[in-house]
Amino acid sequence: MSDRIGAPGYGISRREFLAATGATGAGALAGCTAPAKQDATATNATAAQNAAQSDLPTTSPPEVVDATEQGNQVTLRSMPAVHEAHPIETMGGPVELPRVWAFATEDGDPSVPAPIIRTEEGEDIEVTLDNTDGKRPHTVHFHGAQKAWKDDGVPTTTGITVQPGEKHTYTVPANVPGTHIYHCHYQTHRHIDMGMYGIFRVDPKGYEPADKEYFMTVKDWDSRLNRKMAGEDVSYSPRTRNPDVFTVNGKVAPRTLHPEDGSPIIVDKGDTVRIHMVNGGYMSHPLHIHNHRFRRVEKDGGQIPDAAQYDMDVTNIAPAERHTIEFEANAQPGIYLMHCHKVNHVMNGSFYPGGMLTGVVYRDVMDSDIFGQLMEYAGYQG
C-alpha cells in the first residue's frame, strides 16, 4: 500500500492524513447520505458487464518515478486495462472507460495518466519501450528535450516503430528544465485517446521544492472510442470526436477528491504550493482555483521572469501545454474547488457537479462533517 495521500507529488503521508481526519475521515461516515445515482454518458451496461467479466487489470493512480534513483534508466510497457474514472453510484457514477492502453513501468501497475518520469537537468535518460508482450505498434515521443533525430519517436520521420514482440531504447537528454509531456506518436490521434500519455519532469539545477508540490494532468475523452475498443457496437470517428468524460489525473469528481485514488491538493495554512499542470487532451481548459491567487512561474519548460508574473485565478491551458503555478495557502482553512471553467466539463453525463473538478483541501478541516460527506461521495472507506 502506497504511503502517498492526495495528488501525485509530495504532500502528506497516510499517517498524517489519518491523524488529521480522526474518526470522520477514517470511516465514521455511515450517517451521511450520498446523492442519488444519475446515468453518465460514459456508463454503458454492456461495457460494464464486459469489463466485469474481463481478466484485464484495472488501472492505478500514476506513480512518480525518480529516474535518478535508478541510474536514469526507465522501462515502459503498454497493456490493455479497464479504467474506472469513478467506480461507485454517486454524483453521476459509475463512470468507466472499459478499455485503455496504459503505460506501466517494468515492475509497476498500469496507469492513466502514465507514470510521471522525474529527473534532473544535465542527465541523459534511457527509456526502453518494451513491447514484447504487446499487440499493437507503439513509439514514445518526449516534448521538451532536444535529442537525436532517431530518438524523436515519430515513425514516419525516423523510420523507427516498436512492433509487437520488440523493444527499443530512446536516449532522452534532460536538457530543457521544466514540466513536459510524453506520449505514443504512432496513430497519435487514437493512441493518446486510449491513455498513452504522461508527464516528464526535469528539475533545473539548484531546484528548490515548495512546501507542497503536486502533478496534475487534465484530459477530455470521447468514451465511444474506449467502448468500441472494448468490443461494444458503437460508431466512432476522430472527425466527429465529441468528449463526454473530463478527468483530472484520470478521475472525475467526486473520485478526484479520494485521498488515495484521486487528486486532492492537500495543504497546510501558510504553505507555498506548486502545481505542475499538463493538458493531455485535445481541448483547451481554463483552470480556476477558488479563493486563492496564483502566479504562473513556468510555461512549456520556460521559466517566466519575475517581472512577467502576476496574480491570477484562471490559467487557460491548451492541448500539450504545461503550466506550473504557485500560490500561498493563505485562505481561511476550508475546502476550495479547482476546476475547468467550461462548466459543461464539470459534469458526469447530465449530472452536475462532476468531471474536471478537484479541490484544495486544508488539513485543518479534514475532521469536519463536510469533508466526511465528500469522502463518502468519493468512495473512501478509510
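Anyway, here's the lowdown on the structure attached to this text. Every chain's residues receive numbers from 1 upward, in the order its sequence appears when written. Residues qualify for local features only when their pLDDT is at least 70, as the model is predicted, and side-chain atom pairs are given and counted only at 80 or more; totals for whole chains, interfaces and linings, by contrast, use all residues. The basis for the side-chain values is all heavy atoms of the structure; hydrogens and waters are excluded.

### What about the overall build of the protein?
In this description a helix means any DSSP run of H or I spanning at least four residues, a strand means any run of E spanning at least two, and both kinds are numbered starting from the N terminus. When helices and strands are counted, the protein shows six helices and 23 strands. A principal-axis box enclosing the C-alpha atoms of the protein has dimensions of 60 × 55 × 35 Å. Classification of residues uses two cut-offs on accessible area relative to the type maximum, computed with a 1.4 Å probe and protein chains only: under 20% is buried, over 50% is exposed, and between them is partly exposed. Taking all 382 residues of the protein together, the buried fraction comes to 57%. What makes two residues a contact is simply this: any of their non-hydrogen atoms within 4.5 Å. In the protein, the proportion of contacts linking residues at least 24 apart, taken out of those at least 6 apart, comes to 76%. Accessible surface computed for the protein: about 15,300 Å², of which carbon and sulfur atoms make up 46%. The distance from the centre of the 33 positive side-chain charges to the centre of the 49 negative ones in the protein is 5 Å. Using a 1.4 Å probe, accessible areas were evaluated by the Shrake-Rupley method; residue-level cover was limited to the displayed protein chains. In this count, Lys and Arg are taken as positive residues and Asp and Glu as negative ones, while His and the chain termini are left out. For the purpose of locating charges, the reference atoms are NZ of Lys, CZ of Arg, CG of Asp and CD of Glu.

### Looking at unusual backbone geometry
Most peptide bonds take the trans configuration, and most residues that are not glycine carry a negative phi. A cis amide bond links V112 to the next residue, P113, at an omega of 0°. Inspection of the secondary structure puts P113 in the loop between β6 (95-105) and β7 (116-120). With a phi angle near 45°, Q187 is a residue other than glycine that sits in the positive phi range. Of note in the backbone geometry, A320 takes a positive phi value of approximately 70° without being a glycine.

### What about the layout of surface pockets?
Lining residues are those with an atom within 4 Å of a point, where the points come from a 1 Å grid over the protein atoms alone and group into cavities, where a 1.4 Å probe fits but cannot get out, or pockets, open sets with protein on both sides within 12 Å along at least five of seven lines. Grid points are joined across faces, edges and corners, and a volume is the space filled by probe spheres set on the points. Computed from the structure, the second largest pocket encloses a volume of approximately 260 Å³. Looking at which element gives the most residues to the lining of the second largest pocket, the answer is strand β5 (residues 73-86), with four residues. When grouped by side-chain class, the residues that make up the lining of the second largest pocket number three nonpolar, five polar and five charged. Gly is put with the polar residues, along with every residue not named as nonpolar or charged; the nonpolar set is Ala, Val, Leu, Ile, Met, Phe, Trp, Tyr, Cys and Pro, and the charged set is Asp, Glu, Lys and Arg.

### Structural notes on the packing of aromatic side chains
To pair, rings of Phe, Tyr and Trp, with the six-membered ring standing in for Trp, must have centres within 6.5 Å; the planes then decide the type, stacked if under 30 degrees apart, edge-to-face if over 60, and tilted in the middle. Inspection of every chain in the model, using the stated rule, returns seven aromatic pairs. On the basis of an interplanar angle of 65° and a centroid distance of 6.3 Å, the ring pair of F17 and F371 is categorised as edge-to-face. Taken together, the residues span a long stretch of sequence, with F17 in helix α1 (residues 14-26) and F371 in helix α6 (residues 369-378) at a distance of 354 residues. Working rule: Lys NZ or Arg CZ, within 6 Å of ring centre, within 35 degrees of ring normal, means a charge sits over the ring. Taking the ring centre of W221 as reference, the NZ or CZ of K219 above it sits at 4.1 Å.

### Considering the environment of P333
If you trace the backbone, P333 turns up in the loop between β21 (322-328) and β22 (335-340). P333 gets classed as partly exposed once you look at its relative accessible area, which sits at 28%. Taking C-alpha positions, P333 is 37 Å from M196, a pair spaced 137 residues apart along the chain. Residues in contact with P333, not counting those within four places in the same chain, are K269, Y362, D364 and V365.

### Re the sheet that holds strand β20 (residues 314-317)
As summarised here, the arrangement of the five strands in space is β15-β23-β22-β17-β20, forming an open sheet in which the pairing is mixed. Each of the sheet's edge strands pairs with one partner strand only, and the pair in question is β15 (265-267) and β20. When the angles between neighbouring strand axes are averaged without regard to direction, this sheet yields 15°. Pairing of strand β17 (residues 285-289) with β20, which is carried by four bridges, proceeds in the antiparallel orientation. Paired with H285 across the bridge in β20 is I317. Note on pairing: DSSP must find at least two bridges between two strands before they are called paired. Where helices are involved, their axes are fitted lines through C-alpha atoms of the stretch in contact, as for all axes, and angles between N-to-C directions lie from 0 to 180°.

### What about the pattern of salt bridges?
Only one rule defines a salt bridge in this text: a Lys or Arg side-chain nitrogen within 4 Å of an Asp or Glu carboxyl oxygen. One pass over the full model with this rule turns up 25 salt bridges. R363 serves as the salt-bridge partner of E16, at 3.8 Å between the closest nitrogen and oxygen. Here E16, found in helix α1, pairs with R363, found in the loop between β23 (357-362) and α6; they are 347 residues apart in sequence, far enough to count as distant. Overall, E16 belongs to the partly exposed group, its relative accessible area being 33%. Among the charged side chains, a salt-bridge network with shared partners connects E16, K212, D268, D271 and R363.

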